[in-house]
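Coordinate analysis (summary)
These are the residues of each chain, in order.
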Amino acid sequence: MADLKVKLGKLQLKNPVMTASGTFGYGTEYSDFFDISRIGCIVVKGITLRNREGNAYPRMAETPSGMLNAVGLQNRGIDHFIKHIYPEIKNVNTNIFVNVNGSTVEEYIEVAEKVNDLDKIPGIELNISCPNVKEGGMAFGVSCPAAATVVREVRKVYSKELMVKLSPNVTSITEIARVVEGEGADSISLINTLLGMAIDAESRKPMLSTITGGLSGPAIKPVALRMVWQVAQEVKIPIVGMGGIMNARDAIEFFLAGASAVQIGTANFIDPTVSMKVLEGIEDYLNRHKFNSIYDIIGTMTI
Amino acid sequence: MKKFILDLIVKENEHINEDYFVLKLTSNDKLPHMLPGQFVEIKVENSPTTFLRRPISVNFYDKELNELWLLIQIVGNGTRKLSEVQVGDTLNLILPLGNTFSIPGDKNSRLLLVGGGVGFAPMLFLGAYLNDLGYRCDFLLGGRSEANMVQLNEFKRYGEVYTTTEDGSMGEKGYVTQHSLLQKKQFDMIYTCGPTPMMQAVASYAHKRNIACEVSLENMMACGFGTCLCCVTDTVDGNLCVCTEGPVFNITKLKWQI
Ligand SMILES: Cc1cc2nc3c(=O)[nH]c(=O)nc-3n(C[C@H](O)[C@H](O)[C@H](O)COP(=O)(O)OP(=O)(O)OC[C@H]3O[C@@H](n4cnc5c(N)ncnc54)[C@H](O)[C@@H]3O)c2cc1C
Ligand SMILES: Cc1cc2nc3c(=O)[nH]c(=O)nc-3n(C[C@H](O)[C@H](O)[C@H](O)COP(=O)(O)O)c2cc1C
Ligand code: FES
């Protein structure tokens, strides 16, 4: 049996299959379907300092091989999470990461500080890439000085695994990745959604209340794969790849491009058990090719 | 209620007319219990432009026959592909999803079920369910024309049926809210499902007369089980997911201008 354990900084995951923020709720929404503790790491829905109602309906438009969303980080705020959700999920026997968001550096710091005190949360995913909020979010992820500041300041108050999630809506993904590594991130996850839009030709109106939204699903996989590969050439810290993964084969491609772990997002909506199929498929691939460990394939695309 | 992902077998695919068909699904195992107002998310195979599952209401659930009915209107590629399934094929469904209608305590309550267009779908199961519990109900069903007036014989088993069509091809001419029944008879509770303008008109009728009213919403959904937060509706308690907090809402909860 091949060894599926991977390390993100000092943290070990029992396997490299994670679920992506905003597509897996707080995990428990999926426990009717399978034993969620089998997932290597669950990243919960994006959390902000205060309650956010998110954007107006409509927030979703289906596209060829994907979907656009404009949820806008709807959540009840970190205090609500700590009081009402954390007690429900803290005994799930796997790693749970909080996806941390803010409109200002101060808000990111405050949320990170509060999460730092939660024993059963071994890491955060710092989201500097949400395209669906007016202030903050992606603004931090598309400018090197802004990304540097937020990662540096959060690093000061956050002592556990710090994963930083990058936006694909940039000219040079490697520049941002280097800055984030330089400021002390333990790992990098990418990609968040690609900015897109959809118009209803009949009504001549936008399909989303916010006009533009974030594209996810198989439509973005080639872009995601390219970015993971580029970043892998530039940084030493582990990379968590995502964007359009629908099956084990897609996931393997991300490992070959240089990812140490993968996240499954939109695919969870179509098949809630897809993460387990990906996990089994990866195991099968390693056994079939007689690899002893997942590390035998990470970054091994041969040119 | 526990949710399941099941491969169900197509027992019948009955084309009512060009636009509507009923799928009767079954399983070798016992189907999970379902309540009126709940819906399923169906995976559509072999339709390249249909990426997400499709939410469809439970039209009827027959415990004895172990049958689930879905009444579907063909509006795009996904529903067209579903209309082509053959007897014996399997379809992958997530079910049961969403909440249910509330049932008044008094068995003598005068209940009105108003359906419009494909909003007939959940009203049939609700009517059957109420009937089983010993309630009497009236159905007020409306459509653009006769072709939209489907399953009337099914409805007649569970109560009095009143109809309107916009072109007058069946029943009274006009909208459901213009039907003479509403002038003649008093109701204690109204349930409705259909196009939003129709549900708003029904809600307004109920609101003005202080009649309790529940509506079943059909917002765009990506998941159907509360994780994507795409399907929200604005309520007095903020944005709530139609797929988990609904699809059935009391009109006092919605921020409709009625
Ligand atoms: C809880 C719920 C219950 C539903 N129950 C039924 C049912 O019992 N029978 C039935 O026929 N339909 C039902 N619908 C609507 C059904 O889901 C859509 O008609 C279907 O998804 C359209 O898929 P398509 O690929 O054929 O069309 P698409 O190509 O996706 O769309 C065609 C047209 O239909 C519109 N449309 C797409 N999705 C929806 C939606 N969710 N609501 C309203 N309009 C939509 C689009 O705007 C577009 O104009 C329900 C929807 C919800 C949310
Ligand atoms: C409905 C929806 C909500 C999302 N919410 C968040 C979020 O709160 N925080 C975040 O970092 N990413 C969020 N994402 C982005 C995903 O985590 C992921 O980066 C992206 O969808 C690409 O992966 P995929 O193609 O596998 O879905 C969201 C995506 C979707 C579709
Ligand atoms: S459809 Fe995903 S939360 Fe309702």
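Residues numbered from 1 in each chain as written. Chains lettered and ligands numbered in written order. Predicted model: local features only at pLDDT ≥ 70, side-chain atom pairs only at ≥ 80, totals over all residues. Heavy atoms only, no water.

1. Quick notes on the overall build of chain B
- When helices and strands are tallied, chain B shows 5 helices and 16 strands.
- At 18 Å, chain B has a C-alpha radius of gyration in line with the 18 Å of a compact globule built from 258 residues.
- Overall, the C-alpha framework of chain B stretches about 50 × 40 × 35 Å when taken along its three principal axes.
- Sequence separation of at least 24 residues holds for 62% of the intrachain contacts in chain B that already meet a minimum separation of 6.
- Side-chain charges of chain B comprise 24 positive and 28 negative groups, with the mean position of each set lying 4 Å from the other. (Helix = DSSP H or I, 4+ residues; strand = E, 2+ residues; numbered from the N terminus. Rg over C-alpha atoms; globule rule 2.2 N^0.38 Å. Contact = heavy atoms within 4.5 Å. Lys, Arg positive; Asp, Glu negative; His and termini not counted. Charge placed at Lys NZ, Arg CZ, Asp CG, Glu CD.)

2. As for helix α1 (residues 78-89) of chain A
Residues and elements named next belong to chain A.
- The terminal C-alpha atoms of α1 lie 14 Å apart, and with 12 residues this falls more than 12% below the ideal 16 Å at 1.5 Å per residue.
- Regarding α1, the residues found buried are Ile 78, Phe 81, Ile 85, Tyr 86 and Ile 89. Seen end-on, α1 carries its buried residues on one side only, within an arc spanning 105°. Away from its buried face by more than 90 degrees, α1 exposes Lys 83 and Glu 88.
- Considering only its buried residues, α1 is in contact with β7 (95-100) and α2 (105-116). (Expected span 1.5 Å × (residues − 1). Buried < 20%, exposed > 50% of the residue type's maximum accessible area, 1.4 Å probe, protein only. Arc of directions from axis to C-beta.)

3. Thoughts on the sheet that holds strand β5 (residues 60-62) of chain B
All names here are of chain B.
- Read from one edge of the open sheet, 7 strands run β4-β3-β7-β1-β2-β6-β5, paired in antiparallel fashion. Looking along the sheet, the strands with just one partner apiece sit at the ends: β4 (54-57) and β5. On average, adjacent strands in this sheet sit at an angle of 35° to one another, irrespective of strand direction.
- Bridge count between strand β2 (residues 20-26) and strand β6 (residues 67-73): 7 bridges; the pairing is antiparallel. Its bridge partner being in β6, Leu 23 is matched across the sheet by Leu 70. (Pairing = 2+ DSSP bridges. Axes fitted to C-alpha atoms, helices over the stretch in contact; angles between N-to-C directions.)

4. A look at the site of ligand 1
Residue and element names in this part refer to chain B.
- Around ligand 1, the surrounding shell holds 19 residues, and the nearest of these are Pro 55, Leu 71, Gln 73, Gly 78 and Thr 79.
- One of the backbone N or O atoms of Gly 78 is found 2.8 Å from an oxygen atom in ligand 1.
- At 3.1 Å from a nitrogen atom of ligand 1 is found a main-chain nitrogen or oxygen belonging to Glu 218.
- Burial of ligand 1 by the surrounding chains reaches 75%, relative to a free accessible area of 860 Å².
- Where the shell around ligand 1 is concerned, the elements lending two or more residues are β4, β6 and α1 (77-83).
- Considering every element that reaches the shell around ligand 1, the biggest residue donor is β4, with 4 residues.
- Considering only residue class, the shell around ligand 1 consists of 10 nonpolar, 7 polar and 2 charged. (Near = heavy atom within 4 Å. Polar contact = N/O pair within 3.5 Å; in protein donor to acceptor, adjacent residues only side chain to side chain. Areas by Shrake-Rupley, 256 points an atom, 1.4 Å probe, with all protein chains shown as cover. Nonpolar A, V, L, I, M, F, W, Y, C, P; charged D, E, K, R; others polar.)

5. Concerning the site of ligand 2
- The environment of ligand 2 is made up of 23 residues, and the closest members are A:Ser21, A:Lys165, A:Gly217, A:Gly244 and A:Thr266.
- Close to ligand 2, residues of chains A and B are found.
- One of the side-chain nitrogen or oxygen atoms of A:Asn127 is found 3.0 Å away from an oxygen atom of ligand 2.
- A:Gly217 places a main-chain nitrogen or oxygen 2.8 Å from an oxygen atom of ligand 2.
- Across the complex, the protein chains shield 98% of the 610 Å² of accessible surface that ligand 2 would expose by itself.
- Counted by class, the shell around ligand 2 contains 6 nonpolar, 15 polar and 2 charged residues.

6. Describing the interface of chain B and chain A
- Counting residues at the interface gives 28 residues for chain B, matched by 32 residues for chain A.
- A salt bridge links B:Arg54 to A:Glu62; the shortest N-O distance between them is 2.7 Å.
- Taken together, the connections running from chain B to chain A amount to 10 residue pairs in polar contact (both at pLDDT 80 or more).
- Listing elements by their share of the side of chain B that touches chain A, those giving two or more residues are β1 (4-15) and β15 (238-241) of chain B.
- Here the residues of the side of chain B that touches chain A sort into 16 nonpolar, 7 polar and 5 charged. (Salt bridge = Lys/Arg side-chain N within 4 Å of Asp/Glu carboxyl O.)

7. Focus on the sheet that holds strand β9 (residues 161-165) of chain A
All names here are of chain A.
- One closed barrel holds the 8 strands; their spatial order is β3-β4-β7-β8-β9-β10-β15-β16, and the pairing between them is parallel. Here the strands of the sheet are splayed against their neighbours by 25° on average, with no regard to which way each runs.
- Direction of pairing for strand β3 (residues 17-19) relative to strand β4 (residues 41-43): parallel, over a ladder of 2 bridges. Pairing of Met 18 across the sheet is with Cys 41, part of β4.

8. Examining the environment of B:Glu218
- Its place among the elements puts B:Glu218 in the loop between β13 (212-216) and β14 (232-235).
- Apart from residues lying up to four places away in sequence, B:Glu218 is in contact with B:Ser57, B:Val118 and B:Cys193.

9. Description of α2(A)
Residue and element names in this part refer to chain A.
- With 12 residues, α2 should cover 16 Å at 1.5 Å per step; its first-to-last C-alpha distance of 16 Å lies within 8% of that length.
- Among the residues making up α2, those that are buried are Val 105, Glu 107, Tyr 108, Ile 109, Val 111, Ala 112, Val 115 and Asn 116.
- The inward-facing, buried residues of α2 abut α1, β7, β8 (123-127), α3 (138-141) and α4 (144-157).

10. Things to note about the packing of aromatic side chains
Residues and elements named next belong to chain B.
- Going through the model one piece at a time under the given rule, you end up with 15 aromatic pairs over all chains.
- With centroids separated by 6.3 Å and ring planes inclined at 85°, the aromatic side chains of Tyr 61 and Phe 125 adopt a geometry described as edge-to-face. Remark: Phe 125 occurs in helix α2 (residues 120-132) and Tyr 61 occurs in strand β5; sequence separation between them is 64 residues. For the pair shown, Tyr 61 and Phe 125 are each scored as buried.
- An aromatic cluster of three or more residues is present, and its members are Phe 60, Tyr 61, Trp 69, Phe 125, Tyr 129 and Tyr 158. (Phe/Tyr/Trp six-rings, centres within 6.5 Å; stacked < 30°, edge-to-face > 60°.)

11. Re a nonpolar patch on the surface
Residue and element names in this part refer to chain A.
- On the surface, Met 197, Ile 199 and Ile 211 cluster together into a nonpolar patch covering about 300 Å² of accessible area.
- Within the secondary structure layout, Met 197 lies in strand β11 (residues 194-197).
- You can call Met 197 partly exposed: its relative accessible area is 47%. (Patch = residues over 30% accessible without salt bridge, like charges linked within 9 Å, V, L, I, M, F, W, Y side chains within 5 Å.)

12. Here's the deal with the domain arrangement of chain B
All names here are of chain B.
- If you check the domain split of chain B, you get domain 1 (4-97) and domain 2 (111-253).
- Each of domain 1 and domain 2 has a C-alpha centre, and the two are 21 Å apart.
- It is Tyr 20, Pro 36 and Leu 71 that lose the most area in domain 1 upon contact with domain 2, and together they represent 25% of the buried surface on that side.
- Across the domain 1-domain 2 interface, the total number found is 0 salt bridges.
- Among the elements of the structure, β2, β3 (39-42), β4, β5, β6 and β7 (90-97) are those that each provide at least two residues to the side of domain 1 that touches domain 2.
- Here the side of domain 1 that touches domain 2 gets 4 residues from one element, more than from any other, and that element is β6. (Domains from an automatic or database assignment. Buried area = accessible area lost by both parts, 1.4 Å probe.)

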